[in-house]
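Chain by chain, the residues run as shown.
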Amino acid sequence: MSQPAAQQLQQLLGRFARGAVFLGIGGSVLQTSLYTVDGGERAVMYDRLQGVLPAPVGEGTHFRIPWLQSPSVMDIRTRPRSISSVTGTKDLQMVNITMRVLSKPDVEELAVIFKNLGLDWDERVLPSIGNEIIKAVAAQYNAEQLLTQRDKVSRNVRDSLTKRAKEFNILVDDVAITHLSFGTEFTKAVEAKQVAQQEAERARFVVMKAEQERKAAVIRAEGESEAARLISEATKQAGSGLIELRRIEAAKDIAGTMSRNQNVVYLPGGNQMLLGLNAGR
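Residues numbered from 1 in each chain as written. Predicted model: local features only at pLDDT ≥ 70, side-chain atom pairs only at ≥ 80, totals over all residues. Heavy atoms only, no water.

As annotated in an unreviewed UniProt entry, the protein carries the name Prohibitin and comes from [Myrmecia] bisecta. In the Subunit (unreviewed entry) part of its UniProt record, the protein is described as follows: "Component of a prohibitin multimeric complex in mitochondrial membranes." Listed under Subcellular location (unreviewed entry) in UniProt, the entry text for the protein is "Mitochondrion inner membrane". (UniProt positions renumbered as here; feature names shortened; annotations may be inferred.)

Colleague: Help me out: how do you make sense of the sheet that holds strand β7 (residues 94-105) in this one?
Modeller: By way of backbone hydrogen bonds, the strands of a sheet pair with one another, either parallel or antiparallel. As summarised here, the arrangement of the three strands in space is β6-β7-β8, forming an open sheet in which the pairing is antiparallel. Looking at the sheet topology across the chains shown, the edges are occupied by β6 (79-88) and β8 (170-182). Adjacent strand axes in the sheet meet at a mean angle of 25°, parallel and antiparallel pairs treated alike. Pairing geometry for β7 and β8, over 11 bridges, is antiparallel. Paired with P105 across the bridge in β8 is I170. Lying over the sheet, helix α3 (residues 121-138) contacts β6, β7 and β8, oriented at roughly 40° with respect to β6. (Pairing = 2+ DSSP bridges. Helix = DSSP H or I, 4+ residues; strand = E, 2+ residues; numbered from the N terminus. Axes fitted to C-alpha atoms, helices over the stretch in contact; angles between N-to-C directions. Contact = heavy atoms within 4.5 Å.)

Colleague: Quick question: what am I supposed to make of the sheet that holds strand β5 (residues 69-75) here?
Modeller: Pairing in this open sheet of three strands is antiparallel, and the strands run β3-β2-β5 from one edge to the other. Each having just a single partner strand, β3 (51-52) and β5 make up the two edges of the open sheet.

Colleague: For this particular structure, what's the right way to read the confidence of the model for the protein?
Modeller: The predicted structure's coordinates, where accompanied by low pLDDT, should not be read in detail. Per-chain confidence: the protein averages 81 in pLDDT, with 75% of residues scoring 70 or above. For the stretch residues 269-281, pLDDT sits under 50, and the model shows 15 contacts to residues farther than four places along the chain or on other chains. (pLDDT = per-residue confidence, 0-100.)

Colleague: When you look at the pairing of strand β2 (residues 41-47) in this model, what are you seeing that I'm missing?
Modeller: A regular strand places its side chains so that they alternate between the two faces of the sheet. In terms of burial, β2 is largely enclosed, as five of its seven residues are buried. Where β2 and β5 come together, seven bridges link them in antiparallel fashion. Opposite V44, over in β5, you have S72 as the bridge partner. As defined by bridge partners, β2 adjoins β3 across two bridges and the pair is classed as antiparallel. Following the sheet pairing, D47 is matched in β3 by G51. Counting the residues in the hairpin turn of β2 and β3 gives three residues. (Buried < 20%, exposed > 50% of the residue type's maximum accessible area, 1.4 Å probe, protein only.)

Colleague: So what exactly am I meant to see when it comes to α3 here?
Modeller: The first and last C-alpha atoms of α3 sit 26 Å apart over 18 residues, in line with the 26 Å expected at 1.5 Å per residue. When we look at burial in α3, the residues that qualify are W121, D122, V125, L126, I129, G130, I133, I134, V137 and A138. Down the axis of α3, the buried side of the element spans an arc of 155°, and every buried residue falls inside it. (Expected span 1.5 Å × (residues − 1). Arc of directions from axis to C-beta.)

This is the structure in structure tokens:
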């Protein structure tokens, strides 16, 4: 290879190397200039000259000025959180309440949320205001009311928490009490009350049963008295004929009973009937 050709090749390789360097730098700059916002997310842009920009950036791929601008991606989907609190009721009973809260940030106020609370806004706000609301609501009810009016308590907590969270630009979708337990003393008191109620119901049943038996006895006595009166009147009207009929019916019943006894032997003899016991034979 001639010397001019070698020089041209070296120049070409040098140009290619410089082009590759510029291309790499350009690709790196382009890569750092682009960012992507996924579905269910928004980006808050921090500008070194203007601070946090007020308008959130929607879904898709976007351009930013490297070093000068820095995006922070925030999840705007509804997320669940459990909040537990031990507090006192109106009748000074200790109760352990756990509630589930579904919340999300206000999209229009993401810049304010980012500046005041940061990316972990739910961790900074919800546990504190949740405990505050639970204690305030539980103090309005007796322990028994917390059990029997659970839906009403949940609505009260939801309304109060929704209003309180709105001050921090947080939207509350739903609040539900998932766990409710009392201290040992209250549990024993409830069990004793249930036993007393069962005993009262049992005593009420015994009284009702005795009353029904008394009414039945009165009705039976009235029936027997009426029957005796009717028999007496029939006897007066029929004379000795009814008495003779009753005597025959009684004799028939006695004869039927004795005929079923294996130890009785019947020996007819004219108009008389001899009865003998055959016991021991």
